[in-house]
Structure formats: structure tokens, C-alpha cells
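Listed below, chain by chain, are the residues.
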Amino acid sequence: MRAADILARSAMARRLALLAGLGAGALGLTALSGFATSHALMINASPSLPYWAIWTSRGGIPRRGDIIVFTPPASPLLKKHFGTRPQPFGKIVSGVPGDLVTREGRTFRVNGRPVATAKPTSRLGEPLGLGPTGRVPENCYFVTTPHKDGFDSRYAAIGWVCRERILGTGRPIL
């Protein structure tokens, strides 16, 4: 084989390797792009959950005990405490569709089990309206946190958290 043929074949092999690498890279970026649209790392700056990092996945049906991440509803109370564009909230699903939420005084129960007690006023002194009771509607959830100052379904300003506000379910990682 002549030197010119060897050089030509070597150049062709390098081009094929480069094209294969570019193709594999494009496929990898496409897969990562798809992954990024369905997953996110959420940083929790609130003391209402004991975790500071939550791995969030979109889709799926939340189950009791899951952490869900959702956009809070607009209200003057939320605006005063969290600004005009509050970050997503992360809370624990305590009640799922069909569960019975009741209240005795300021203590909320789901199917008879106590899940949270509501405070009468916010940390800034505003009165806090009590959240919903009754059967949890389809595609909605009653969410709570173990923290005494957690802002969740025990208050009317949050209420039921329904499907259209849910960004995903979370898994604590730190």
C-alpha cells in the first residue's frame, strides 16, 4: 500500500470518528435536554421542611407522604410574606383525593389522624384564615409540614393544592 493511500484512509477514519463523536454528543445533549424538562434540583431556603435539597420529577401522581413542589396561589398575604413572585413551595402530602379532612379547634386531621395545627396569626401579625375541610377533591391534595410556622393547606391562603399548580414530586437528597 502506498503512503498516499495510507494517509487518505487515516484521514477518512479521523473524519468518521469525528462525525460519530458529534452524533453521539448530539444524542447525549438531546437526552439531557429531555431529562432537564422533567427533573430539577430544588434548593429549600425555608425551615418548613428539614431538607435543603430536593430532587424533583415532573409527572406522576403524588401519594401520601410524598413531597410536592407547587406554585403558591396569589394573595395579599403571600405577597406580603414572600414578595410578588414567590418561589415554589415544597410540602408533604397529608391528604389525597377522597380523604376526609376535619378540624378540631385549630388542629387538622386527615382520616382522623392529626397532621398539623394552625396558628392564629402570621409571623408579621396578620390573622390567618383556616384552610379547607371535607373530602379532598379529585386532582387536589391537602399538604402540610411538621414545622409550626409552615405555610400550607392548614391556611385558607394556600388551601387545596390542585394538579394545575403542582410542578412535581420531590425526593429529599440533603
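Residues numbered from 1 in each chain as written. Predicted model: local features only at pLDDT ≥ 70, side-chain atom pairs only at ≥ 80, totals over all residues. Heavy atoms only, no water.

Q: Residue-level account of the sheet that holds strand β6 (residues 107-110), with values.
A: The strand order across the open sheet formed by four strands is β7-β6-β5-β8, and the pairing between neighbours is antiparallel. With one partner strand each, in any of the chains shown, β7 (113-117) and β8 (134-135) form the two edges of the open sheet. Sheet topology places strand β5 (residues 100-104) next to β6; four bridges connect them, and they run antiparallel. Of the residues in β6, the one forming a bridge with Val101 is Val110. (Pairing = 2+ DSSP bridges. Helix = DSSP H or I, 4+ residues; strand = E, 2+ residues; numbered from the N terminus.)

Q: Outline the sheet that holds strand β1 (residues 39-43), supporting the account with residue identities and numerical values.
A: With antiparallel pairing, the seven strands of this open sheet are ordered in space as β1-β2-β11-β3-β4-β9-β10. If you trace the sheet from one side to the other, it starts and ends with β1 and β10 (161-162), each paired once. Two elements, strand β4 (residues 89-95) and strand β9 (residues 140-144), share three bridges in a ladder whose sense is antiparallel. Among the inter-strand pairings, Gly95 is bridged to a residue of β9, identified as Phe142.

Q: Tell me about the state of the cysteines, residues and numbers included.
A: Considering all chains together, one arrives at one disulfide under this definition. Residue pairing for Cys140: its cysteine sulfur links by disulfide to Cys162, the two sulfurs lying 1.9 Å apart. When the S-S torsion is 95 degrees, as for the bridge of Cys140 with Cys162, the disulfide is right-handed. In this pair, Cys140 sits in strand β9 while Cys162 sits in strand β10, placing the two residues 22 residues apart along the sequence. (Disulfide = S-S within 2.5 Å.)

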